[in-house]
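Listed below are the residues making up each chain.
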Amino acid sequence: MCNYPVNKPTTFPPYKCPPTIEVLGMGSAAATPDRAIAVLGAITEGPVLPAVQTENAKIVTTIIQSLLKLNIPREKIQTYDFGIEIQYDYQEGKQVFRGYKVTHLLQITNDKVELTGILVDTAVASGANNITDIKFTTSQPEIYENQALSNAIRNARHKAMTIANTLGVTLFTVPSQIQEITGTAEPIPYATAMLAKSTVTPIQPGQLTIYAKVRVWYQFADR
C-alpha cells in the first residue's frame, strides 16, 4: 500500500513508494446478553381451509394476549412468517389431496432475558406448537464492537512490531492506512427441539462474543 504525496512530482526522480508491512489484526469482546429473540407460533392442519385458518388465528391471538400479560410490549411482537400450504399424500404413484397447513410464527423481542423460560412456557400453554428459534444478543452492540475493534488494532500493531523487530527495522508509530473488515456478533442460539412442559423451562443465555478484524499498513525504515 503506497500513499503518494498530494503534490506528486511530475519530473524525475519519480516518487518512491516507502517500504510497508501489511498485517491482519483480530480482536474480540465478551458481552452478557441482555436481549432474547424468540420465534414461535402455531401450525394447524385440516381438510377445510377456512376452519384451519380460524383455528390458527385463535391460537395465535391467545398467544399474543398471554405475552401482553407478561408485559411484553405489543411493538415487540411481530409476525415473522405466515403461510398456507396444500398437502398431498402419494398412493400408488398418485397425488391425493390430504388437506391444508397454515403456519403463523411470531418473533418476540424480550429485553428481560431472565424471563425467556417463562415466555416460552406461557406461549406453549397458550397453544404454541412450534418453536423455531431462540437467540440471545445485546441491545448495545456498538459498545462491544468498539472494544473488539480497539483490540484488533492492538493485535495488528503487535504483529507489525514482531515483524519489524525480526527484520531489524524501525516501524513508524502511526499506520499509513487502516481498513476495517466487517466484524460479526453471532447471536447465541438455544436448541429448540420440542420443549417438555415444566415449571419453568431452564433457558440459559450464556455469553456473547463480538469479533472485529482490521487490515493495517505500517511503513518502516532502516535502523
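Conventions and cut-offs
- Residues numbered from 1 in each chain as written.
- Predicted model: local features only at pLDDT ≥ 70, side-chain atom pairs only at ≥ 80, totals over all residues.
- Heavy atoms only, no water.
- Patch = residues over 30% accessible without salt bridge, like charges linked within 9 Å, V, L, I, M, F, W, Y side chains within 5 Å.
- Areas by Shrake-Rupley, 256 points an atom, 1.4 Å probe, with all protein chains shown as cover.
- Salt bridge = Lys/Arg side-chain N within 4 Å of Asp/Glu carboxyl O.
- Helix = DSSP H or I, 4+ residues; strand = E, 2+ residues; numbered from the N terminus.
- pLDDT = per-residue confidence, 0-100.
- Contact = heavy atoms within 4.5 Å.
- Buried < 20%, exposed > 50% of the residue type's maximum accessible area, 1.4 Å probe, protein only.
- Pairing = 2+ DSSP bridges.
- Expected span 1.5 Å × (residues − 1).
- Phe/Tyr/Trp six-rings, centres within 6.5 Å; stacked < 30°, edge-to-face > 60°.
- Arc of directions from axis to C-beta.

Draft legend 1. Structural context of a nonpolar patch on the surface. Residues Ile 86, Tyr 88, Tyr 90 and Phe 97 make up a contiguous nonpolar surface patch of about 440 Å² in total accessible area. Per-element tally for the nonpolar patch: the top contributor is strand E3 (residues 77-91), with 3 residues. Within the fold, Ile 86 resides in strand E3.

Draft legend 2. Summary view of the confidence of the model for the protein chain. Confidence in the prediction for the protein chain averages 87 pLDDT; 83% of positions are at 70 or higher. Here strand E8 (residues 188-189) is the element of the protein chain with the lowest mean pLDDT, 56, and helix H1 (residues 49-69) is the one with the highest, 97. In this model, residues 191-198 is a region of pLDDT below 50 whose contacts with residues beyond four sequence positions or in other chains number 12 contacts.

Draft legend 3. Layout of the pairing of strand E1 (residues 20-31). Of the two faces of E1, the one lined by Ile 21, Val 23, Gly 25, Gly 27, Ala 29 and Ala 31 is fully buried and the one lined by Thr 20, Glu 22, Leu 24, Met 26, Ser 28 and Ala 30 carries no buried residue. Two elements, E1 and strand E9 (residues 208-222), share 12 bridges in a ladder whose sense is antiparallel. Considered in E9, the bridge of Ser 28 is made with Tyr 211.

Draft legend 4. Region of the structure containing the side chain of Thr 137. Within the secondary structure, Thr 137 sits in strand E5 (residues 130-137). Apart from the residues lying within four places of it in its own chain, the contact partners of Thr 137 are Pro 33, Asp 34, Arg 35, Ile 37 and Leu 208.

Draft legend 5. Structural detail: helix H3 (residues 141-167). The first and last C-alpha atoms of H3 sit 39 Å apart over 27 residues, in line with the 39 Å expected at 1.5 Å per residue. The complete set of buried residues in H3 reads Ala 148, Ala 152, Ala 156, Ala 160 and Ala 164. The inward-facing, buried residues of H3 contact E1, strand E6 (169-171) and E9. Immediately beyond the C-terminal end of H3, within one or two residues, lies Gly 168, with a positive phi of roughly 75°.

Draft legend 6. Just the packing of aromatic side chains, in detail. Summed over the entire model, instances satisfying the criterion amount to 2 aromatic pairs. Geometrically, the ring pair formed by Tyr 88 and Phe 97 is edge-to-face, given 6.4 Å between the ring centres and 75° between the ring planes. The exposure class assigned to Tyr 88 is partly exposed, which follows from its relative accessible area of 34%. Site record: aromatic cluster; members linked through ring pairs are Tyr 88, Phe 97 and Tyr 100.

Draft legend 7. Inspection of the pattern of salt bridges at higher detail. As enumerated under the stated definition, the model contains 5 salt bridges in all. Across the pair Asp 89 and Arg 98 runs a salt bridge, and its minimum N-O distance is 2.8 Å. Residue Arg 98 is classed as partly exposed on the basis of its relative accessible area, which comes to 39%. The partner of Asp 133 in a salt bridge is Lys 135, with the nearest N and O atoms 3.7 Å apart. Here Asp 133 falls in the partly exposed class, since its relative accessible area comes to 21%. Connected via shared salt-bridge partners are Arg 35, Lys 76 and Asp 111.

Draft legend 8. A look at unusual backbone geometry. Despite not being glycine, Asn 71 shows a phi value in the positive range, around 70°. Note on placement: Asn 71 falls in the loop between H1 and E3. With relative accessibility at 66%, the residue Asn 71 sits in the exposed group. Phi is positive for Glu 92, close to 55°, though the residue is something other than glycine. Residue position: Glu 92 is located in the loop between E3 and strand E4 (94-110). On the accessibility criterion, Glu 92 (82% relative accessible area) is exposed.

Draft legend 9. A look at H1. If you check H1, its first and last C-alpha atoms are 30 Å apart, about what 21 residues at 1.5 Å a residue would give, namely 30 Å. Regarding H1, the residues found buried are Val 52, Asn 56, Ile 59, Val 60, Ile 63, Ile 64, Ser 66 and Leu 67. What you see down the axis of H1 is that its buried residues fit within an arc of 165°, all on one side. More than 90 degrees from the buried face of H1, the exposed residues found are Pro 50, Lys 58 and Lys 69. Buried residues in H1 make contact with strand E2 (35-46), E3, E4 and helix H2 (116-125). Positive backbone phi, approximately 70°, marks Asn 71, located one or two places after H1.

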